[in-house]
Amino acid sequence: MERVYLDHAATTPLAPAVLEAMKPHLTEHYGNASSVHQYGRQARVTLEDARERVADCLGAESSEIVFTSGGTEADNLALKGVIAAASDDGAPAGLVTSAAEHEAVLRPAERLREQGHPVSILSPGAHGAISPQQVDAAIDEHTALVSLMHANNEIGVCTDIPAIAEVCRANDVLLHCDAVQTVGLLPVDVDDLGVDLLSLSAHKFYGPKGIGALFVRGRVDLGPLVEGGSQERERRGGTENVPGVVGLAAALERAMDGAEERAERLSQLQRHLVDGLADAVPCDYVLNTPIGEAPVAPHVVNVAFPPTEEPLDGEMLILNLDMEGVLVSAGSACTSGALEPSHVLTALGLERETASAAVRFSMGADTTEDDVEYALDVLHTTLDRMTG
Ligand code: PLP
């Protein structure tokens, strides 16, 4: 049976060249980067070389890169680390974020609120994005940090990070950006974006799972999340994942190289998919990715199906598509399994039943027009069967 993987926003396959780069560090070069002997020193050189390469890709200094276990930890470290350090004088520091953020930001934000920090959660506007004006209005004398994502993982809408960075600078507030979905697709230079902190995760751009990084601008004071050894300049304890950081660096360099052409190709596939929906969908549908109306990441198309006579069972739709070889997500993979409709789609104002019947197609480097055609065909027959 044909199998079409359209869930690249959840994860991407490891690139063979990245695996090759990692292999020696999974086998013969096994030293602990903190050991003083030659194996340790060799691992340290590899680690610092990878840090330099990651920093170069982002336009950062190597001392500004903290390796983490992925995007979730990078987001947690940014929020909890900055707020803890900013609250050092006793007054609880505040956070501004949005209701459309990934759970990796929303959960720490809730935790900070429980701990007595003022947390303002902005509602996204018509297309799911947050405007600089909203951020400006939400910042008050307690605010230490604003955290907003570069592109939304469920609907793909982009935030105007440079404009929001200006607002943050004018108010003397730090800006964290979750760029987990955009590395390798949109330009991610920390100075051009104007961010103080930025999260990324290797498995979203053909690198290994379980490794990511947080960029932390030199002047930013950040408390540790994981305490133990003094690794990562005391910002993240634990023996360094040398094979992982080598994979991250290799994957990031590959992602940055040719990002523009990749994005253009994906945009064409995205348009192809959206144009094809009109024929493929035999019922009403809502396009949640605001293509042509707001800037969007080029790899995501999110579509929801309002109830006709009966609500459509979104999970059943995903499983039926899967049985026909079309692998997609109901929303973000991290929340699938939960019966609740997507918090992003409900924040957009979709009715519960419509938000529960949504499909996210996300394309990648190997996706072809034929794959998109196949997915549209299968969507058509599946919806016919389920709604007919
Ligand atoms: N932030 C966003 C926007 C994501 O899409 C994801 C994963 O889907 C994460 C954070 C979490 O990253 P990780 O899977 O590396 O923990």
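Computed from a prediction, not measured in an experiment: that's the story for all the values here.

Some thoughts on the site of the ligand
Around the ligand, 14 residues are found, and the nearest of them are Gly 71, Thr 72, Asp 178, Ser 201 and Lys 204. Here Asp 178 contributes a side-chain N or O atom positioned 2.6 Å from a nitrogen atom of the ligand. At 2.6 Å from an oxygen atom of the ligand is found a side-chain nitrogen or oxygen belonging to Ser 201. In the complex, 90% of the free accessible area of the ligand, which totals 400 Å², lies under the protein chains. Here the shell around the ligand gets three residues from one element, more than from any other, and that element is helix H3 (residues 71-86).

Brief notes about the pairing of strand S5 (residues 143-149)
With seven of seven residues buried, S5 is to be regarded as a mostly interior element. Relative to strand S6 (residues 174-178), S5 is paired through five bridges, and the arrangement is parallel. By the bridge assignment, Ser 147 is partnered in S6 with His 176. In terms of handedness, the path from S5 via helix H6 (residues 161-170) over to S6 forms a crossover that is right-handed.

Regarding the packing of aromatic side chains
Evaluation of the coordinates by the stated rule reveals one aromatic pair. Taking 5.6 Å as the distance between ring centres and 85° as the angle between the ring planes, the aromatic pair formed by Tyr 30 and Tyr 39 counts as edge-to-face.

Quick word on a negative patch on the surface
Together, Glu 2, Glu 369, Asp 370, Glu 373 and Asp 377 make up a region of like negative charge exposed at the surface. When you line up the elements, Asp 370 lands in helix H14 (residues 369-387).

As for the sheet that holds strand S12 (residues 358-362)
Strands sit in the order S9-S10-S12 across an open sheet of three strands; the sheet is antiparallel. The strands lining the two open edges of the sheet, one partner per strand, are strand S9 (286-287) and S12.

Examining the environment of Phe 67
Summarising the element assignment, Phe 67 is placed in strand S2 (residues 65-68). Taking relative accessible area as the criterion, Phe 67 reaches 4% and is therefore assigned buried. The sequence separation of Phe 67 and Asn 241 amounts to 174 residues, and the corresponding C-alpha distance is 8.5 Å. Excluding its chain neighbours within four sequence positions, the residues that come into contact with Phe 67 are Leu 47, Ala 50, Arg 51, Val 54, Gly 212, Ala 213, Glu 232, Arg 236, Val 245 and Leu 248.

Overview of unusual backbone geometry
Positive phi, normally seen in glycine, also occurs at Asp 172, with a value near 60°. Classification of Asp 172 as exposed rests on a relative accessible area of 68%. The phi torsion at Arg 233 lies on the positive side, around 55°, for a residue other than glycine. Positionally, Arg 233 belongs in helix H8 (residues 231-234). Since its relative accessible area comes to 59%, Arg 233 is described here as exposed.

Calculation rules
Residues numbered from 1 in each chain as written. Predicted model: local features only at pLDDT ≥ 70, side-chain atom pairs only at ≥ 80, totals over all residues. Heavy atoms only, no water. Near = heavy atom within 4 Å. Polar contact = N/O pair within 3.5 Å; in protein donor to acceptor, adjacent residues only side chain to side chain. Areas by Shrake-Rupley, 256 points an atom, 1.4 Å probe, with all protein chains shown as cover. Helix = DSSP H or I, 4+ residues; strand = E, 2+ residues; numbered from the N terminus. Buried < 20%, exposed > 50% of the residue type's maximum accessible area, 1.4 Å probe, protein only. Pairing = 2+ DSSP bridges. Right-handed = clockwise from strand over helix to strand, strands pointing away. Phe/Tyr/Trp six-rings, centres within 6.5 Å; stacked < 30°, edge-to-face > 60°. Patch = residues over 30% accessible without salt bridge, like charges linked within 9 Å, V, L, I, M, F, W, Y side chains within 5 Å. Salt bridge = Lys/Arg side-chain N within 4 Å of Asp/Glu carboxyl O. Lys, Arg positive; Asp, Glu negative; His and termini not counted. Charge placed at Lys NZ, Arg CZ, Asp CG, Glu CD. Contact = heavy atoms within 4.5 Å.

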